[in-house]
Amino acid sequence: MLTYILKRLFYAIPTLLILIVFSFVLMHSAPGGPFSSDRPLPPEVLANLEAKYHLTDPLWKQIGRYVYDVVFHFDFGPSFQYKDRTVNEIIAQGFPVTLTYGAISFAVAVIAGCALGMTAALNKNSVWDYLAVGISIGAQVLPNFVMAPILVLIFTLWLGWLPGGGWNGGQWQYLIMPVIALSTSFMASIARIMRSSLLEVMHSNFIRTARAKGIPARTILFRHALKPAMLPVISYLGPTFVVMITGSVVIDLYFTTGGIGQAFVNSALNRDYAVMMGITILIGTLTIFFNLLVDILYAWIDPKIKL
Amino acid sequence: MKTPAILSMTTALTLCATVAMSANHPVTNELLSDEQVFTYRIGDEFASIDPQMSEDVDGGAIVRDIFEGLMNQDAEGNLVPGVATHFDANEDKTVYTFYLRDDAKWSDGTPVTAGDFEYSWKRFVDPATASPYSWFAEEMGLVNVSAIIAGDMEASELGVTALDDHTLEVRLETSMGHFPLMTTSEPTFPSPRWVVEEFGSSWTKPENIVSNGAYVLSEHVPQEKTVRVRNAMYWNNDATIIDRVEALVISDENAALTRYLAGELDRTEVPTGQFNSLSKQHPEEAISFPRSCAYYYFINMTDSAHPALLDQRVREALYLTINREVITNAILQGGEFEAYTFTPEAISNFVPPENPAAEMTQAERIERARALMAEAGYGPDNPIELDLLYNTSETHRKIAIAVSQMWKQALGVEIVLQNMEWKTFLEARSNQEFDIGRAGWCGPYNMASSFLDLMSSTHVYNDAGYANDEVDALLDAAKTTDDPSESFTRIEQVLAQDVPILPIYHYAGVYMMDESLQNWPVGNVEQKWYSRELYFTAE
């Protein structure tokens, strides 16, 4: 087990390096640059800027310098767009915000999604099933960019209960609408996966055997059925968690939470190479880490899987 | 038993304070609101509030509040004293001397001196600073500026010298009558040397910053909000009424409008096409006023363009066929102005030339355009197909569709719409990979030359390859004349003949603004506003 984990962590290094090189090349091949603007800069001004950010060096040298600074100084460089701030500062400010509303949304989505899925599976073809499936389909077809304005219309404009946006250090009033808007569609997916997987497990032979032995329904569900039924859900949750805590552009844009999702998209539009790289590495690292975590969880839940 | 006594005393004091706060405006005598907090929307996080680095409109407004330059603008855009009380110039307007007030202080109590300006201007052009706005220093024409930016000379050679603590001498390479106007631009504002040197690029953080304006930066949460509060050290702090200003970053203008309607904002922009309905529902709050900005299409006149575009008659036909009324009244609906000249009429001292096209009816324009096309040899049997390049935006798309339909119906010109993401668009434009391209321009100062300079054959913005010797000569001459308005009128006349660009409309500032917020400078076409001039009346 331990050697497996170490091996996986070791593989993460070349993976990240490839990610860096690949993103670096892709980024620089996009038309335009960080300093192209509506009012084109005179060549001498542009030359000064490019020299300051080492853009005149050959690409391999830029990548080398970048990797060196990241590895040895944990310095992701200065932002090209926001002249007063570094990438470290931008991530340190935006990531906790996204992590907060992302993790809460994740918890809400998992709890509500599993509850809905289980209700539907255990009461198959009953009113409860239809209701749960109905809710999850409704939540699925309402994308968050539709959900967000509707929530603001109801809770801010009509009822006046909640502020229409902002973060304010993460006070609960500011969290409610982003969490609802972000979690609903994930909740719906979890509910659907949970329902079908639990249905399948409930029809399998070992559950039938357990029933025949007269084990109470509750024990069957929580002791025997739930664990295997969770497997497909868990493989969905790993990447989903990364997606949720690295932010949603729609949520950041619409609720001006100041999270990292918006910073990522802005950096791409502004060709802010440094910010773009920094957030790419963050997402890459988290993805690798949580994939590993899912694999370990798998082995723990399913004794058939050996690491 | 002491507590109640203390409590009642506190209550009494609070009451006194509250009563004392309800004051009347010193000039207009209007009853002022107790709460003087101005909250407004900005569309994007500003790039920097370091005066010498500042380059965007929203950052500029914050810089104007927390710093103060030599001169300011009043509500009409006229020059009024800032840190300098007055200035004089030598006869040929190549040397300006600014006289600084002796009561101006930085927020840490240090006096503001001419040396602070000398330091900041040199910092502005220093290649080590690498300011993206340093081209503006070249427009200011300071002695040696180009050589310094190019790295051929030390920044210390710049034509600016503090003669003493309160006298600043500025030397220019050529005579320039409108130079003092440029000192209202943010990059010319002073930076505190001792703070910049201590904290480097993080000197503008709220915990480090020292500034000399009516406000100081108290809080900055990137992508969320920026808060500024009164600066007790400001020389004219007694005249400031607004206590606190909050700029909230809200990218989506519809989200911003909802939050305005919910009472969270005092000012926001009106999304395209919604002005009419909003002004019916909220007549006191929806406002529209002229801005010094132009929306236009420019025509590629280099070798890479469609050959038909090199024919003046074709360009004039395209110019005539655009029905500007449809665009301003049916698409934009925000009180924008139909444009037949590049320079907006709102620009001071600008007299538009007589333009027959502007007087004709649309039917007459189309008739004339068809005749021109036939003369040039193009028509239904020899149609033209052109690319129209614009950057991604709902408004640009609507206008491009409308204009291409007008051209197609009237002239049979086929248009291929090319929608590009902003930076890709800029690249395509500078590589001349287009036939007709969209552009917008806001003059950096209130003079026609801030627009017409773009038509000079050497201007960096001249991607379309337009060159006319007469225009170049007139522009050069205008720099040194006292009243160049005739030259500007003549240039517009030449432009109307040559048609290198197709002006479409001139912008309007279209806002929703709280009706108790007073003194917004709607007459300032550059929209240089200062929070210290605003106030809220009691409702």
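The rules behind each value
- Residues numbered from 1 in each chain as written.
- Chains lettered and ligands numbered in written order.
- Predicted model: local features only at pLDDT ≥ 70, side-chain atom pairs only at ≥ 80, totals over all residues.
- Heavy atoms only, no water.
- Core = buried A, V, L, I, M, F, W, Y, C linked by side-chain atoms within 4.5 Å.
- Buried < 20%, exposed > 50% of the residue type's maximum accessible area, 1.4 Å probe, protein only.
- Helix = DSSP H or I, 4+ residues; strand = E, 2+ residues; numbered from the N terminus.
- Contact = heavy atoms within 4.5 Å.
- Pairing = 2+ DSSP bridges.
- Axes fitted to C-alpha atoms, helices over the stretch in contact; angles between N-to-C directions.
- Disulfide = S-S within 2.5 Å.
- Buried area = accessible area lost by both parts, 1.4 Å probe.
- Salt bridge = Lys/Arg side-chain N within 4 Å of Asp/Glu carboxyl O.
- Polar contact = N/O pair within 3.5 Å; in protein donor to acceptor, adjacent residues only side chain to side chain.
- Lys, Arg positive; Asp, Glu negative; His and termini not counted.
- Phe/Tyr/Trp six-rings, centres within 6.5 Å; stacked < 30°, edge-to-face > 60°.
- Lys NZ or Arg CZ within 6 Å of the ring centre and 35° of its normal.

Student: For this particular structure, what's the right way to read the nonpolar core?
Tutor: One recurring pattern in soluble globular proteins: nonpolar side chains tend to sit buried together. Ranked by size, the top nonpolar core spans 238 residues in total, and within it Phe179, Tyr297, Phe342 and Trp407 of chain B carry the most contacts. Here the element with the most residues in this core is helix H7 (residues 172-202) of chain A; it accounts for 15 residues. Dropping the residues within four chain positions of it, Trp407 of chain B is found in contact with Tyr297, Leu318, Thr321, Ile322, Gly412, Val413, Ile415, Ile436 and Leu502 of chain B. In this structure, Leu231, Ile234, Val294 and Ile301 of chain A belong to the second largest nonpolar core, which totals five residues.

Student: Can you help me understand the sheet that holds strand S7 (residues 167-171) of chain B in this one?
Tutor: Residue and element names in this part refer to chain B. The sheet built from four strands is open, its strands ordered S4-S5-S7-S6 with antiparallel pairing. Edge positions in the sheet fall to strand S4 (84-89) and strand S6 (160-164), since each has one partner strand and no second. Across the sheet, the mean angle from the axis of one strand to that of its neighbour is 20°, orientation sign disregarded. Pairing analysis gives five bridges linking strand S5 (residues 95-100) to S7, with the strands arranged antiparallel. What sits directly across from Phe98, in S7, is Leu168.

Student: What's the story with the environment of Tyr295 of chain B in this structure? I'm lost.
Tutor: Residue and element names in this part refer to chain B. Its place among the elements puts Tyr295 in strand S12 (residues 286-299). Taking the C-alpha atoms as reference, Tyr295 lies 20 Å from Gly523; in sequence the two are 228 residues apart. Beyond its immediate chain neighbours, meaning those up to four positions away, Tyr295 contacts His396, Ile399, Arg438, Ala439, Gly440, Pro503, Ile504, Tyr505 and Tyr507.

Student: Explain the state of the cysteines here, please?
Tutor: Linking two cysteines covalently via their sulfur atoms produces the bond known as a disulfide. All names here are of chain B. One pass over the structure, following the stated rule, counts one disulfide over all chains. Between the sulfur of Cys293 and that of Cys442 lies a disulfide, 2.0 Å long from S to S. Torsion about the S-S bond of the Cys293 and Cys442 cystine: about 105°, corresponding to right-handed handedness. One end of the pair, Cys293, is in strand S12; the other, Cys442, is in strand S16 (residues 436-442), with 149 residues separating them in the sequence. What makes Cys293 buried here is its relative accessible area of 1%. Residue Cys442 is classed as partly exposed on the basis of its relative accessible area of 30%.

Student: How do you make sense of the interface of chain A and chain B when you look at a structure like this?
Tutor: Contacts between the two partners involve 43 residues from chain A and, on the opposite side, 53 residues from chain B. Across the interface of chain A and chain B, roughly 3,900 Å² is buried in total on both sides, 53% from carbon and sulfur atoms. The largest share of the area that chain A buries against chain B comes from Asp38, Arg39 and Asp84 of chain A, three residues that together contribute 18% of it. Summed over the shared surface of chain A and chain B, the result is four salt bridges. Between Glu89 of chain A and Lys205 of chain B there is a salt bridge, and its shortest N-O distance comes to 3.2 Å. The interface formed by chain A and chain B includes 23 residue pairs in polar contact (both at pLDDT 80 or more). Mapped onto the side of chain A that touches chain B, the elements with two or more residues apiece are helix H2 (43-52), helix H4 (87-122), helix H6 (144-158), helix H10 (249-255) and helix H11 (260-270) of chain A. Broken down by element, the residue count for the side of chain A that touches chain B peaks at five residues, all from H2 of chain A.

Student: I keep staring at the side chain of Asp84 of chain A and nothing clicks. Help me out?
Tutor: With respect to the secondary-structure elements, Asp84 of chain A resides in the loop between helix H3 (59-73) and H4. For Asp84 of chain A, which is buried and forms no salt bridge, the nearest opposite charge comes from Arg85 of chain A, at a distance of 6.8 Å. A polar atom in the side chain of Asp84 of chain A sits 3.3 Å from the backbone nitrogen of Ile49 of chain B.

Student: Can you help me understand the packing of aromatic side chains in this one?
Tutor: What characterises a pair of aromatic rings is the spacing of the ring centres plus the angle enclosed by the ring planes. Going through the model one piece at a time under the given rule, you end up with 42 aromatic pairs over all chains. On the basis of an interplanar angle of 85° and a centroid distance of 5.2 Å, the ring pair of Phe74 of chain A and Phe76 of chain A is categorised as edge-to-face. On the basis of relative accessible area, Phe74 of chain A is assigned to the exposed category, the value being 57%. An angle of 55° between the planes, with centres 6.3 Å apart, marks the rings of Tyr296 of chain B and Phe298 of chain B as tilted. Relative accessible area serves as the criterion here: at 6%, Phe298 of chain B is assigned to the buried category. Site record: aromatic cluster; members linked through ring pairs are Phe38, Tyr40, Phe289, Tyr511, Trp520 and Trp529 of chain B. When the ring centre of Trp300 of chain A is taken as origin, the NZ or CZ atom of Lys227 of chain A, which lies over that ring, is 5.9 Å away. Between Arg267 of chain B and the ring centre of Tyr511 of chain B, over which it is positioned, the NZ or CZ distance is 4.4 Å.

Student: I keep staring at the pattern of salt bridges and nothing clicks. Help me out?
Tutor: Side chains that carry opposite charge are capable of pairing whenever their charged atoms lie near each other. Taken as a whole, this structure holds 27 salt bridges over all chains when the rule is applied. It is possible to trace a salt-bridge network through shared partners that takes in Arg41, Arg267 and Glu269 of chain B.

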